[in-house]
Amino acid sequence: MIHMKKRITAFLVTFAAVFLIALPASAHVTVNPSTSTTEAWETYTVKIPVEKEVNTNKVSIKIADNVDFKMYQPVDGWKVTTEKNDDDKVTTVTWEAENDDAAIKPGEYRLFSFTAQNPADAGEVIWDAFQYYTDGSIVEWTGDADADLPHSVTEITKSTATTDSHGHTSDHDADTDESADSDEDTAGSSTSNVLSIAAIVISVIAIVLTFIRRK
């Protein structure tokens, strides 16, 4: 009986430890998707959870140098501002609650979305985030993956598609496949026509030979 109690106690302690370790990770500020393709016009979603017992009333996201910010989705009760560098490129996007009612309450989370064009080269895009609380504290989500406050990362892989200035894409491989299929269809159609004509000619010759033999 004593051994059983020890096993149950050990199990509960282990379960609690795993739960407590997993809990903060689930409450991190995140930017998704975690994977995308080169030059794509991607819609990114920022998830802002509240870990403290006070409201979050502002959040800022740093836009990487090789990412081109395009537009954002408005959220009721929140104003959006951007900071630009000397080249007129957006470097920071900030969402700020217009009043206490719009702020994110403890135990809640809110989603903010924006569209940006990915870099031309494959690699990682780092999303540093700064979460502001009404008590004046700021949580900086700028660490590496194993840090207590990690930033989000999006892995950019090479794409065969070409994106125009409006965000429309065309896939070279798909175009090539379609062209190949079209060529195959044309070749198949030509072959069928040749065979049909040959069959007609043979039929005519057979009829003529039959007529000659009867004479």
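Here is a short report on the structure shown in this document. Quick caveat: nothing in here was measured; it's all calculated off a predicted structure.

## Some points on the packing of aromatic side chains
Consideration 1: Taken as a whole, this structure holds seven aromatic pairs when the rule is applied.
Consideration 2: Measuring from centroid to centroid gives 4.8 Å for Tyr44 and Trp127, while their planes differ by 55 degrees, and the two rings are tilted. In this pair, Tyr44 is assigned in strand E3 (residues 41-49) and Trp127 in strand E9 (residues 123-127), connecting sequence segments 83 residues apart. Note on accessibility: Tyr44 and Trp127 belong to one class, buried.
Consideration 3: Aromatic pair Trp95 and Phe114: ring centres 6.4 Å apart, planes at 45 degrees, arrangement tilted. A residue pair is termed long-range when its members are at least 10 positions apart, and Trp95 in strand E7 (residues 90-97) and Phe114 in strand E8 (residues 109-117) qualify at 19 residues.

## A look at the nonpolar core
Consideration 1: Core analysis: the largest hydrophobic core is formed by 32 residues, its most contacted members being Val46, Ile63, Trp95, Phe112, Phe114 and Trp127.
Consideration 2: Every element with two or more residues in this core is listed here: E3, strand E4 (56-62), strand E6 (78-84), E7, E8, E9, strand E10 (129-133) and strand E11 (138-141).
Consideration 3: The leading source of residues in this core is E7, at four residues.

## A closer look at the sheet that holds E3
Consideration 1: If you trace the four strands from one edge of the open sheet to the other, you get E1-E3-E8-E5, paired in antiparallel fashion. Both outer strands of the open sheet, strand E1 (30-32) and strand E5 (68-72), are each paired with one neighbouring strand and no more. On average, each strand axis in the sheet is inclined to that of its neighbour by 30 degrees, with strand direction left out of account.
Consideration 2: Alignment of E5 against E8, held across four bridges, turns out to be antiparallel. Across the sheet, Phe69 pairs through a bridge with Ala116, a residue of E8.

## Details of the environment of Asp148
Consideration 1: On the secondary structure map, Asp148 appears in the loop between E11 and strand E12 (152-157).
Consideration 2: Along the sequence, Asp148 and His28 sit 120 residues apart, while their C-alpha atoms lie 9.5 Å from each other.
Consideration 3: Residue contacts for Asp148: discarding those within four places in its chain leaves His28 and Trp141.

## So, the pattern of salt bridges
Consideration 1: Throughout the structure, instances matching the rule amount to two salt bridges.
Consideration 2: Across the salt bridge formed by Asp68 and Lys70, the nearest N and O atoms sit 3.0 Å from each other.
Consideration 3: Judged by its relative accessible area of 30%, Lys70 falls in the partly exposed class.
Consideration 4: Here Lys84 and Asp88 are joined by a salt bridge, their closest N and O atoms 3.5 Å apart.
Consideration 5: Given a relative accessible area of 54%, Asp88 falls into the exposed group.

## Describing unusual backbone geometry
Consideration 1: The peptide bond linking Asn32 to Pro33 adopts the cis configuration, its omega dihedral lying at 10 degrees.
Consideration 2: Position of Pro33 relative to the elements: it lies in the loop between E1 and strand E2 (35-37).
Consideration 3: Non-glycine residue Glu39 carries a positive phi angle of around 65 degrees.
Consideration 4: Turning to its location among the elements, Glu39 is positioned in the loop between E2 and E3.
Consideration 5: Note on Glu39: relative accessible area 32%, which makes it partly exposed.
Consideration 6: One non-glycine residue, Asp88, lies in the positive phi region at around 65 degrees.

## Side note on the sheet that holds E12
Consideration 1: Strand order in the open sheet formed by three strands is E2-E12-E9, and the pairing between neighbours is mixed. In this open sheet, the two strands that pair with only one neighbour each are E2 and E9. For this sheet, the mean inter-axis angle between neighbouring strands, taken without regard to orientation, is 30 degrees.
Consideration 2: Alignment of E9 against E12, held across five bridges, turns out to be antiparallel. Considered in E12, the bridge of Gly123 is made with Ile156.

Scoring rules and cut-offs
- Residues numbered from 1 in each chain as written.
- Predicted model: local features only at pLDDT ≥ 70, side-chain atom pairs only at ≥ 80, totals over all residues.
- Heavy atoms only, no water.
- Phe/Tyr/Trp six-rings, centres within 6.5 Å; stacked < 30°, edge-to-face > 60°.
- Helix = DSSP H or I, 4+ residues; strand = E, 2+ residues; numbered from the N terminus.
- Buried < 20%, exposed > 50% of the residue type's maximum accessible area, 1.4 Å probe, protein only.
- Core = buried A, V, L, I, M, F, W, Y, C linked by side-chain atoms within 4.5 Å.
- Pairing = 2+ DSSP bridges.
- Axes fitted to C-alpha atoms, helices over the stretch in contact; angles between N-to-C directions.
- Contact = heavy atoms within 4.5 Å.
- Salt bridge = Lys/Arg side-chain N within 4 Å of Asp/Glu carboxyl O.

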